[in-house]
Amino acid sequence: MSTHAPPAAIRRVRVRVEGTVQGVGFRPFVYRLAGELELAGYVLNDTCGVLVELEGEPAALAEFLDRLSPDAPALARIERVAVAAREPTGAAGFAILASPPGGVAQTPVTPDSATCGECLRELFDPADRRHRYAFINCTNCGPRFTIVRGVPYDRALTTMAGFRMCAHCQAEYDDPADRRFHAQPNACPDCGPSLSLMLTAGSPAPLGARDDAIGAAAEALRDGRILAVKGIGGFHLACHAENERAVATLRARKHREDKPFALMVADVGSASEIVRIGEPEERLLCGAERPIVLAPRLPGTAIAPSVAPRAPELGVMLPYAPLQHLLFAELEQRTALVMTSGNVSDEPIAFRDDDATHRLSSIADLLLVHDRPIQTRTDDSVVRTIDRPHGRRTVTLRRSRGYVPAALALPEECPRAVLALGAELKSTFCLARGGRAWVSHHIGDLENYETLRSFTDGIGHFKQILAVEPEVVAHDLHPEYLSSKYAEECGVEELIGVQHHHAHLAACLAEHGETGPALGAIFDGTGYGPDGTIWGGELLLGDLGGFRRVGALLPVAMPGGARAITEPWRMACAWLTALAARDGREAPPEIPVTLRDAIAQRSWQQVAGLARSGVSSPATTSVGRLFDAVAALCGIRPRVSYEGQAAIELEAACDPAERGRLPCAVRDGDGMITLDPRDTIEAVSAAVAAGEPAGVIASRFHAAICHATVEALRSAAASESCGTVVLAGGVFQNRRLLETAIVGLERSGLRVLVPERLPIGDGGISFGQAAVASRRIAETPGGP
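Predicted, not measured: the structure shown is a model, and the values here were computed from it.

Chemist: Can you walk me through the layout of surface pockets in this structure?
Modeler: Take a probe with the size of a water molecule and roll it over the atoms, and the empty space left behind shows itself. Its volume calculated, the second largest pocket comes out at about 990 Å³. In this structure, the second largest pocket is lined by 37 residues; those nearest its centre are Arg77, Glu289, Tyr403, Ala406 and Arg757. For the lining of the second largest pocket, the secondary structure elements donating two or more residues are strand S4 (77–86), helix H8 (279–286), strand S15 (391–398), strand S16 (408–420) and strand S17 (430–439). Split into classes, the residues belonging to the lining of the second largest pocket amount to 15 nonpolar, ten polar and twelve charged.

Structural data, given as structure tokens:
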């Protein structure tokens, strides 16, 4: 750049931009905007984000700053802009400079993003050189996290390294004025990845007269066949969602008895024909993250019954990869496809071609594959909206593709690098350093070798791409969790144990930028308590540093231990046994009429004996197990095939017209509030015996638990002089329970916090563990 003496009116400023501003086309955007406004200077990436120096007329500088945020690239998320005056230098021209050496970038890798509108127009333009090219992308869209092998984020360190760009693609990549400037996955049909349709034996499938893999795949779906489709973060298993035979066959082959399948449709119009959506759901469906959106199902649709048996909602998503858009273009308008994870139940999704051929060959009839490798398996994210008094809000159920590895701010600086290992179910891990934390993609349930390997591989990958070497490891208190065992064996000497429900409380506080204190109603299925019992219906008062238990659900036996999780009738027997003991009845309770065809008399008596004696029956305060018990008593679900099934179907059964409420005692004594549902169980049992409809009983039960929760928290708030309440834990995935509790609490003058950007269940625990560890490190005598 040439230099000359600047006129007196010329000004120079330095602009520091922080947030998600690297790898999203922000520098070329700045380059083009500066050129349009005839400003001199430069832009570069550094350890804090993007640094810009500008020189020019004051009016042009002001316009640049006015347009910086609103005109920024779609994937950019600007968190802070700081402007400082500099002495003009007289420099001419504007340049994109290389990043300075040294330091560690705060946002080295961005999440994968759905195909943008410009790429879609090119995809379906017969005159464009990328017409119908299944791997079209640009700086504004395409794969990121799932193709990264290392940092810096350059093509050589992605799974695109094996594809050398042609002259046309290289020219786009090198041109700052082009929207494919430094787009690492940039490619075209001449130089990039390609598709193939394979038989499950590994040989090519016949493609028909058009010699078109996508067209042949669409024809197979129309014919009722099951297709394994390689996507952005792994394989999906797809079939026609209106074909009951195909859906039932997929269930049988996948060994997935009842758990709902996700659906993919072409557009919002198609989604609105099968689920009830409003503006918030439409915004989520169409966002760059493209999650699965859970929404109330509409009656009378053509969706096959086996897609989501007894579920009140359907999970729907829109295409987010060019391949998916091309597939839907070949299908009839308004077609819905089942698009479920490519795995056998309880295993991680397949993401490598050889693994998919091996594991999915007994499920799929054909495989639609490509030769761009996936580095990190990443499931689809899952969200829903809930009603709150001041508008609808998003609640995250699974945070993965489209959101990871975006950083989350910590409310307090993390003095030393922390690795937090989460719990066991819905597992995630988290790395934290300074003021930021990175929560991993959804790993799954740490109950088998394959998932544990995915967990450990993921930790290694995050450590590499984030350049974080943990000095402290935070873990759950449960000694038998595989994550806790990993903590003991990982080689880091300093370990911090964090109680499960405290981590839930801390995660919600930290997500909202708060440190406490707050009251928390933390309701879930299982969490290891400091007293050695199984917690799950907890009222806590705490902050990031610690907590005190101020209330809980009345403890009850959990006969058979973990077997009671998959056999809810055992919890029904345990609660009826507890009711009999309260009333002084020694005889075991009778089997309810709703369970007589499902449970043998001998089995019922044996379980009642376990509950009375406490043998093989740990005490639990779990609200999740209470919902299981009531679902079994109502005859809805004596046994389950997936976690949370009984509670989901109990909620689905609720009669929306019912306004009654069952009794549920709230007792306050000896500094502890107890939610005692024995009267509730007695009322449920009487209603069942009287032949009351299950929907009426379910509605009244939900109202009882909501009312008791609100009353207990109101009492605790008054006695503890605390006006902020957190609702968290897997039980609050129940929309009816969560929305009703929020209304009751806010009408009582309490401020309610609910996890939004992180899962309300165990997927957010690792973030809470990191926040707790940061506080404890800071409070350690002698300093961090």
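Having seen the model, we can carry on.
Chemist: Just to check I follow, could you spell out the packing of aromatic side chains for this structure?
Modeler: The description of an aromatic ring pair rests on the distance of the ring centres and on the angle between the ring planes. Applying the stated criterion across every chain yields a total of eleven aromatic pairs. Taking 5.6 Å as the distance between ring centres and 65° as the angle between the ring planes, the aromatic pair formed by Phe26 and Phe29 counts as edge-to-face. Taken together, the residues span about one helical turn, with Phe26 and Phe29 both in helix H1 (residues 26–36) at a distance of three residues. This pair shows no difference in class: Phe26 is buried, exactly as Phe29 is. With centroids separated by 6.3 Å and ring planes inclined at 65°, the aromatic side chains of Tyr31 and Phe94 adopt a geometry described as edge-to-face. Note that Tyr31 is positioned in helix H1 and Phe94 in strand S5 (residues 94–96), a separation of 63 residues in sequence.

Chemist: Any chance you could explain the pattern of salt bridges here in plain terms?
Modeler: Two side chains with opposite charge may pair up if their charged atoms get near one another. Considering all chains together, one arrives at 62 salt bridges under this definition. Its salt-bridge partner being Arg392, residue Glu281 comes within 3.2 Å of it at the nearest N-O pair. Taken as a pair, Glu281 in helix H8 and Arg392 in strand S15 lie far apart in primary sequence, 111 residues in all. Its relative accessible area of 4% is what places Glu281 among the buried residues. One salt bridge in this structure joins Arg775 and Glu412, with 2.7 Å as the shortest N-O distance. Note that Arg775 is positioned in helix H22 (residues 765–779) and Glu412 in strand S16, a separation of 363 residues in sequence. The partly exposed category is assigned to Glu412, whose relative accessible area is 23%. One network of salt bridges, in which partners are shared, links Arg582, Asp583, Arg585, Asp679 and Glu682.

Chemist: I tried to follow H1 on my own but got confused; where do I start?
Modeler: Turning to H1, its buried residues are Phe26, Arg27, Pro28, Phe29, Val30, Leu33 and Ala34. Residues of H1 that are buried in the fold lie against strand S1 (11–20), strand S2 (40–46), strand S3 (49–56), helix H2 (58–68), S4 and S5. Two residues or fewer past H1, Glu38 is found with a positive phi of approximately 55°.

Chemist: Just checking my understanding: could you explain the sheet that holds strand S14 (residues 382–388) for this structure?
Modeler: Within a beta sheet, neighbouring strands are joined by backbone hydrogen bonds and run either parallel or antiparallel to one another. Ordered by their spatial adjacency, ten strands build an open sheet running S6-S13-S7-S8-S12-S9-S11-S10-S14-S15, and the pairing between neighbours is mixed. For this open sheet the edge positions go to strand S6 (195–199) and S15, each flanked by a neighbour on one side alone. Going from strand to strand, the sheet's axes swing by 35° on average, the running direction of each strand aside. As judged from the three bridges shared by strand S10 (residues 292–296) and S14, these two strands associate in the parallel manner. The residue of S14 that forms the bridge with Ile292 is Val382. Of the strands in this sheet, strand S8 (235–240) and strand S12 (336–341) are in contact with helix H6 (residues 244–254), which crosses S8 at around 145°. Against the sheet, helix H10 (residues 353–360) touches strand S7 (227–230), S8 and strand S13 (366–370), its axis set at about 45° to S8.

Chemist: It is not clear to me how the state of the cysteines should be interpreted in this structure. Could you clarify?
Modeler: A covalent bond between the sulfur atoms of two cysteines is what we call a disulfide. Scanning all chains against the criterion turns up zero disulfides. Free of any disulfide, Cys414 has its nearest neighbouring cysteine sulfur in Cys430, separated by 8.7 Å.

Chemist: How should I be thinking about the side chain of Gln184 in this particular structure?
Modeler: Note on placement: Gln184 falls in the loop between helix H4 (167–174) and S6. In terms of polar contacts, Gln184 uses its side chain to reach the side chain of Tyr173, at 2.9 Å.

Chemist: Help me understand a nonpolar patch on the surface in this model?
Modeler: Where nonpolar side chains cluster on the molecular surface, the patch consists of Leu65, Val81 and Val83 and spans about 200 Å² of accessible area. Looking at the secondary structure, you find Leu65 in helix H2. Overall, Leu65 belongs to the partly exposed group, its relative accessible area being 30%.

Chemist: What am I meant to see in the pairing of S3 here?
Modeler: Regular strands show a simple pattern: their side chains alternate between the two faces of the sheet. Summarising burial for S3: eight of the eight residues are buried, a large majority. Of the strand pairs in this sheet, S1 and S3 are connected by seven bridges, and their pairing is antiparallel. Note on S3: the bridge partner recorded for Arg12 is Glu55. Bridging between S2 and S3 involves seven bridges; their strand directions are antiparallel. Within the sheet, the bridge partner assigned to Val43 lies in S3 and is Val52.

Chemist: Would you take a moment to explain unusual backbone geometry for this structure?
Modeler: Excluding glycine, a negative phi dihedral is what most residues carry, and trans is how most peptide bonds are arranged. The omega angle of the peptide bond from Val404 to Pro405 is 15°, so this bond is cis rather than trans. Mapped onto the secondary structure, Pro405 falls in the loop between S15 and S16. The peptide bond linking Gly516 to Pro517 adopts the cis configuration, its omega dihedral lying at 5°. Mapped onto the fold, Pro517 is located in the loop between helix H13 (500–511) and strand S20 (518–528).

Chemist: Explain the environment of Asp380 to me, please; I cannot follow it from the model alone.
Modeler: Along the chain, the position of Asp380 falls in the loop between S13 and S14. When the C-alpha atoms of Asp380 and Met160 are compared, they prove to be 22 Å apart, with 220 residues separating the residues in sequence. If sequence neighbours within four positions are ignored, Asp380 has contacts with His236, Ile292, Met317, Tyr320, Arg398, Ser400 and Arg401. Within polar-contact distance, the side chain of Asp380 engages the side chain of His236 at 2.7 Å. Here Arg401 takes part through its side chain, which lies 2.9 Å from a polar atom of the side chain of Asp380.

Chemist: How do you make sense of empty space enclosed by the protein when you look at a structure like this?
Modeler: Under the counting rule described, the total for this entry stands at four cavities of 30 Å³ or more. Counted as a void, the largest cavity has a volume near 120 Å³. Lining the largest cavity are 17 residues, and of these Ala134, Ile232, Ala321, Pro322 and Arg372 sit closest to its centre. Here the residues of the lining of the largest cavity are counted per class, giving nine nonpolar, six polar and two charged. Considering the residues around the second largest cavity, the lining is formed by His504, Ala507, Cys508, Glu511, Ala728, Pro755, Leu758, Pro759, Ile760, Gly761, Gly764 and Ile765. Ranked by residues supplied to the lining of the second largest cavity, first place goes to H13 with four residues. Residue composition of the lining of the second largest cavity, grouped by class: eight nonpolar, three polar and one charged.

Cut-offs applied
- Residues numbered from 1 in each chain as written.
- Predicted model: local features only at pLDDT ≥ 70, side-chain atom pairs only at ≥ 80, totals over all residues.
- Heavy atoms only, no water.
- 1 Å grid on protein atoms, 1.4 Å probe; cavity = no way out; pocket = protein on both sides within 12 Å on 5 of 7 lines; lining within 4 Å.
- Points joined across faces, edges and corners; volume = space filled by probe spheres on them.
- Helix = DSSP H or I, 4+ residues; strand = E, 2+ residues; numbered from the N terminus.
- Nonpolar A, V, L, I, M, F, W, Y, C, P; charged D, E, K, R; others polar.
- Phe/Tyr/Trp six-rings, centres within 6.5 Å; stacked < 30°, edge-to-face > 60°.
- Buried < 20%, exposed > 50% of the residue type's maximum accessible area, 1.4 Å probe, protein only.
- Salt bridge = Lys/Arg side-chain N within 4 Å of Asp/Glu carboxyl O.
- Contact = heavy atoms within 4.5 Å.
- Pairing = 2+ DSSP bridges.
- Axes fitted to C-alpha atoms, helices over the stretch in contact; angles between N-to-C directions.
- Disulfide = S-S within 2.5 Å.
- Polar contact = N/O pair within 3.5 Å; in protein donor to acceptor, adjacent residues only side chain to side chain.
- Patch = residues over 30% accessible without salt bridge, like charges linked within 9 Å, V, L, I, M, F, W, Y side chains within 5 Å.
- Areas by Shrake-Rupley, 256 points an atom, 1.4 Å probe, with all protein chains shown as cover.

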